[in-house]
Amino acid sequence: MIETQALGRRFGNYTAVEGLDLSVKAGEVFGFLGPNGAGKTTTVRMLACLIRPTAGTARVDGLRVDDPGDARRIRRTVGILTERSGFYDNLTAYKNLRFYADLYRVDRRKADARIDDMLDAFGMSRWKASAVGGFSKGMRQKLALIRCLVHDPKVLFFDEPTAGLDPESARYVRDAIVRLKQDGRTIFLCTHNLDEAERLCDRVAIVNRRLLYEGTPERLRDAAYGRRIIVRLERMMGQVHNAVSGLDAVAAVEESGDGMILEVRDPDRNCADVVDAIVRAGGRIRSVGELRHSLEDVYMKLVGDRCEH
Amino acid sequence: MSTDFLIVMRKDLDEVMRNRYIVSSMATFPVLFSIVIPLLYLFTVPANVTEADVAALGNVLHGYAGMTPRQAMIAFLVQSNLPFYLLMPGVMPTLIAAYSIAGEKKNGTLEPMLATPVKTSDILLGKTLAAVVPSVLITWISFIVYMALINTVTSRSFGFSIVPDPQWAVALAITGPLIAILSVYASIMVSARMSDVRAAQQVSAALVVPIMGLFVLQLFGMITLSLDIIVAISAALFVLDIVLIRIGTLLFRRDEILTTWG
Ligand SMILES: Nc1ncnc2c1ncn2[C@@H]1O[C@H](COP(=O)(O)OP(=O)(O)O)[C@@H](O)[C@H]1O
Ligand SMILES: [Mg+2]
């Protein structure tokens, strides 16, 4: 649904995005993670045909972002929740939404029905005829969600949709993302909230001007750290250490108190052998568990490593 | 031909009407130029204007043969108000245009609008019309009120009525709208770089100087805003407008708006 090839954007002589190769499948929620200034907004703007790439190209729903005719069609196909949820403060919620529906050329009656349905679904019906100027940040974000859906787009770009929201509104927005995925829409979600990415995304990319990683959140963790097994024994013994460190499946052993943290290759297959070896060496096991790093650790490692270079 | 510009225009007008600052600023022009100033003329020209006073104005009054000195003086003042009716369509659009651009920037509404399939040329046309149309209409209505008021008073009190010179027709129908377009494009370009309504003031100031210059020069008899001069000014404005529309259209592109307008 979205493919980029060596996509890049420069501002003067500053390169905001460079050599980006991504592929987002139809119907998936794709997390686009990166620290502030990583080029997330710039990338989304290029994909939604708001700014032009200065290098490479991208396709959205088979259409090229750098072809003017295609760009217009892409704008019709995609919805974007921009970083700032800008509205005309002295116009009502309805008038704001109708303005965008009209620009998307949504049939008048269809637009009115959709707006009513969505205001209702988002618990905003009461505010239909109120000026947006008095709305809270959470209400504005709900309205912004409705706005990016008025033309029933196949692809949605969400640029940090929960940033700066109170927890309740943030949760509301996340639930909405889940529902939109269930509708079969493709969602490109920029965030620097890793927890959010882990919960919502089928796959993630980590960027900092360039692509650092692309894959599932699970694979990302494994790629960065391997999977580790933590074994607690009644008593730590030298023979046990020697027995496990001699195994091919064990990449590293680290003692900690009465236990060991083992880096095991392909643990789903090899964990049983490792436990066998410990038992044969005379070790008495109290517990075996998997030590998982949070996505946050991985992220910090990836982004941090690059910063030092 | 897309009609998307009508959507933008309607939205802009809707916003303008709800903006007290713009509405009250725009209302002061007609009140000032079609009510206050004519009343000032009518009641300050003394009854004892003489041939000598008129002669002091040089040959500017040669077109008022057959009138008494007082009538000639009033008729001359009424006709010489023409630059104010060029000032109105020049200054009023700066308020609307600069506000609409500054407002979109401040509220962060440019990006969602540009995310829709609308052509930037339609946005520009919609915004231009939203500024030009009400300004020109208010100018015309003001002119009608002005002439009606003057003639009611002159025909009652002095027994004569004033028919506007033919150059008024050209000035109102052509020169005014051309000035309005100039001022909209200038305002859009200036407010692209500036974050608030100061843009409007800067463009207005740049327009007020030459137009008031015309008024003063005319009052002192140094020029006569004859039909030829009004037509020549209009031709120059037309060329200037074409150049500004070209530049404005180049600047008003998605990428430029989002990356350089700050
Ligand atoms: N219009 C612009 N002109 C110059 N630099 C820009 C412009 N837009 C973005 N940048 C720079 O590009 C980098 C990436 O910005 P952005 O895409 O907004 O990052 P993110 O959304 O990931 O925080 C930042 O360093 C920013 O300063
Ligand atoms: Mg951003």
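Residues numbered from 1 in each chain as written. Chains lettered and ligands numbered in written order. Predicted model: local features only at pLDDT ≥ 70, side-chain atom pairs only at ≥ 80, totals over all residues. Heavy atoms only, no water.

**Focus on the overall build of chain B**
For chain B, the count of helices and strands is 11 helices and 0 strands. Principal-axis analysis of the C-alpha atoms gives chain B an extent of 70 × 35 × 35 Å. Sequence separation of at least 24 residues holds for 83% of the intrachain contacts in chain B that already meet a minimum separation of 6. Working note: accessible area of chain B is about 11,400 Å², and carbon and sulfur atoms make up 71% of it. Of the charged side chains in chain B, 15 are positive and 15 negative, and the gap between their average positions amounts to 7 Å. (Helix = DSSP H or I, 4+ residues; strand = E, 2+ residues; numbered from the N terminus. Contact = heavy atoms within 4.5 Å. Areas by Shrake-Rupley, 256 points an atom, 1.4 Å probe, with all protein chains shown as cover. Lys, Arg positive; Asp, Glu negative; His and termini not counted. Charge placed at Lys NZ, Arg CZ, Asp CG, Glu CD.)

**Topic: the site of ligand 1**
Lining the immediate environment of ligand 1, one finds A:Phe11, A:Tyr14, A:Ala16, A:Pro35, A:Asn36, A:Gly37, A:Ala38, A:Gly39, A:Lys40, A:Thr41, A:Thr42 and B:Thr259. In this structure ligand 1 sits where residues from chains A and B come together. One of the backbone N or O atoms of A:Gly37 is found 2.7 Å from an oxygen atom in ligand 1. A distance of 2.5 Å separates an oxygen atom of ligand 1 from a polar side-chain atom of A:Thr42. About the coverage of ligand 1: the protein hides 68% of its 560 Å² of free accessible area. Sorting the residues of the shell around ligand 1 by element identifies strand 2 (14–24) and helix 1 (40–47) of chain A as the ones contributing at least two each. With 3 residues, helix 1 of chain A is the largest single contributor of residues to the shell around ligand 1. In terms of residue class, the shell around ligand 1 is made up of 5 nonpolar, 6 polar and 1 charged. (Near = heavy atom within 4 Å. Polar contact = N/O pair within 3.5 Å; in protein donor to acceptor, adjacent residues only side chain to side chain. Nonpolar A, V, L, I, M, F, W, Y, C, P; charged D, E, K, R; others polar.)

**Describing the environment of B:Gly159**
All names here are of chain B. Relative to the helices and strands, glycine 159 is located in the loop between helix 7 (120–158) and helix 8 (166–193). Note on glycine 159: relative accessible area 62%, which makes it exposed. The spatial distance from the C-alpha of glycine 159 to the C-alpha of alanine 235 is 38 Å, given a sequence separation of 76 residues. (Buried < 20%, exposed > 50% of the residue type's maximum accessible area, 1.4 Å probe, protein only.)

**What about the sheet that holds strand 1 (residues 2–11) of chain A?**
Spatially, 4 strands are ordered 2-1-4-5 (chain A) in an open sheet, and the strand pairing comes out antiparallel. At either end of the open sheet lies a strand with only one pairing partner, and these are strand 2 and strand 5 (63–64) of chain A. (Pairing = 2+ DSSP bridges.)

**So, the nonpolar core**
By size, the foremost hydrophobic cluster in this structure holds 156 residues, and its most contacted members are A:Phe157, A:Phe158 and A:Phe188. Looking at this core element by element, the count peaks at 13 residues for helix 8 of chain B. The residues touching A:Phe157, leaving out its near neighbours within four places in the chain, are A:Ile2, A:Val44, A:Leu47, A:Ala48, A:Val78, A:Gly79, A:Ile80, A:Leu81 and A:Phe188. By size, the runner-up hydrophobic cluster in this structure holds 15 residues, among which are A:Met236, A:Val250, A:Val274 and A:Ala281. (Core = buried A, V, L, I, M, F, W, Y, C linked by side-chain atoms within 4.5 Å.)

**Concerning helix 6 (residues 167–182) of chain A**
Residues and elements named next belong to chain A. Across its 16 residues, helix 6 extends 23 Å between first and last C-alpha, which sits within 8% of the 22 Å expected from 1.5 Å per residue. Of the residues making up helix 6, those classed as buried are Ser169, Ala170, Val173, Arg174, Ala176, Ile177 and Leu180. Seen from one end, helix 6 has its buried residues packed into an arc of 155°, which puts them on one side. Along helix 6, the residues that are exposed and aim more than 90 degrees away from the buried face are Pro167, Glu168, Arg171 and Gln182. Note on helix 6: the residue one or two positions beyond its end, glycine 184, has a positive phi of about 90°. (Expected span 1.5 Å × (residues − 1). Arc of directions from axis to C-beta.)

**Points about the interface of chain B and chain A**
Tallying the contact residues gives 30 residues for chain B and 27 residues for chain A. Across the chain B/chain A interface, buried area totals approximately 2,800 Å², and carbon plus sulfur atoms make up 55% of it. On the chain B side of the contact with chain A, B:Glu111, B:Pro117 and B:Asp255 bury the most area, a combined 22% of that side's loss. Taken together, chain B and chain A are joined by 4 salt bridges. The biggest single contributor to the side of chain B that touches chain A is helix 1 (residues 4–17) of chain B, with 7 residues. Its residues assigned to classes, the side of chain B that touches chain A comprises 10 nonpolar, 6 polar and 14 charged. (Buried area = accessible area lost by both parts, 1.4 Å probe. Salt bridge = Lys/Arg side-chain N within 4 Å of Asp/Glu carboxyl O.)

**Details of the packing of aromatic side chains**
This model, assessed by the stated rule, comprises 15 aromatic pairs over all chains. With a centroid separation of 5.3 Å and an interplanar angle of 35°, the aromatic rings of B:Tyr85 and B:Tyr146 are classed as tilted. Of the two residues, B:Tyr85 is situated in helix 5 (residues 84–107) and B:Tyr146 in helix 7; the sequence distance between them amounts to 61 residues. Across the pair, B:Tyr146 and B:Tyr85 agree in class, each one buried. Centroid distance B:Tyr146 to B:Trp168: 6.2 Å. Interplanar angle 35°. Geometry classified as tilted. Here B:Tyr146, found in helix 7, pairs with B:Trp168, found in helix 8; they are 22 residues apart in sequence, far enough to count as distant. B:Trp168 shares its class with B:Tyr146; the two are buried. Feature note: the residues A:Phe30, A:Phe32, A:Phe157 and A:Phe188 constitute an aromatic cluster, connected by ring pairs. (Phe/Tyr/Trp six-rings, centres within 6.5 Å; stacked < 30°, edge-to-face > 60°.)

**Concerning the coordination of the magnesium ion (ligand 2)**
Residue and element names in this part refer to chain A. Looking at the metal site, the magnesium ion (ligand 2) is ligated by Thr41 (OG1) and Glu83 (OE), spaced 2.0 to 2.4 Å from it. Residue threonine 41 is located in helix 1, and its partner glutamate 83 is located in the loop between strand 6 (78–81) and helix 3 (93–103); the two are separated by 42 residues in the primary sequence. Owing to a relative accessible area of 45%, glutamate 83 belongs among the partly exposed residues under this scheme. (Donors = N, O, S within 2.8 Å, 3.2 Å for Na, K, Ca; no water.)

**Points about the environment of A:Cys148**
All names here are of chain A. Following the sequence through the fold, cysteine 148 ends up in the loop between helix 5 (137–147) and strand 7 (155–159). Along the chain, cysteine 148 and glycine 184 lie 36 residues apart, while their C-alpha atoms are 16 Å from each other. For cysteine 148, the residues in contact, after removing those within four places along its chain, are Gly79, Ile80, Leu81, Pro153, Leu156 and Phe158.

**Section: the packing of helix 2 (residues 20–44) of chain B against helix 5 of chain B**
Residues and elements named next belong to chain B. Two elements in contact, helix 2 and helix 5, have axes whose closest approach is 9 Å; the angle formed by their N-to-C orientations is 170°. Considering their axes alone, helix 2 and helix 5 lie roughly antiparallel with respect to each other. Facing helix 2, whose interface residues are Tyr21, Ile22, Ser25, Met26, Phe29, Pro30, Phe33, Ser34, Ile37 and Tyr41, helix 5 presents Phe84, Tyr85, Leu87, Met88, Val91, Met92, Leu95, Ile96 and Tyr99. Of the residues contributing to the contact of helix 2 with helix 5, the split by class is 17 nonpolar, 2 polar and no charged. (Axes fitted to C-alpha atoms, helices over the stretch in contact; angles between N-to-C directions. Parallel < 35°, antiparallel > 145°, perpendicular 65-115°, else oblique.)

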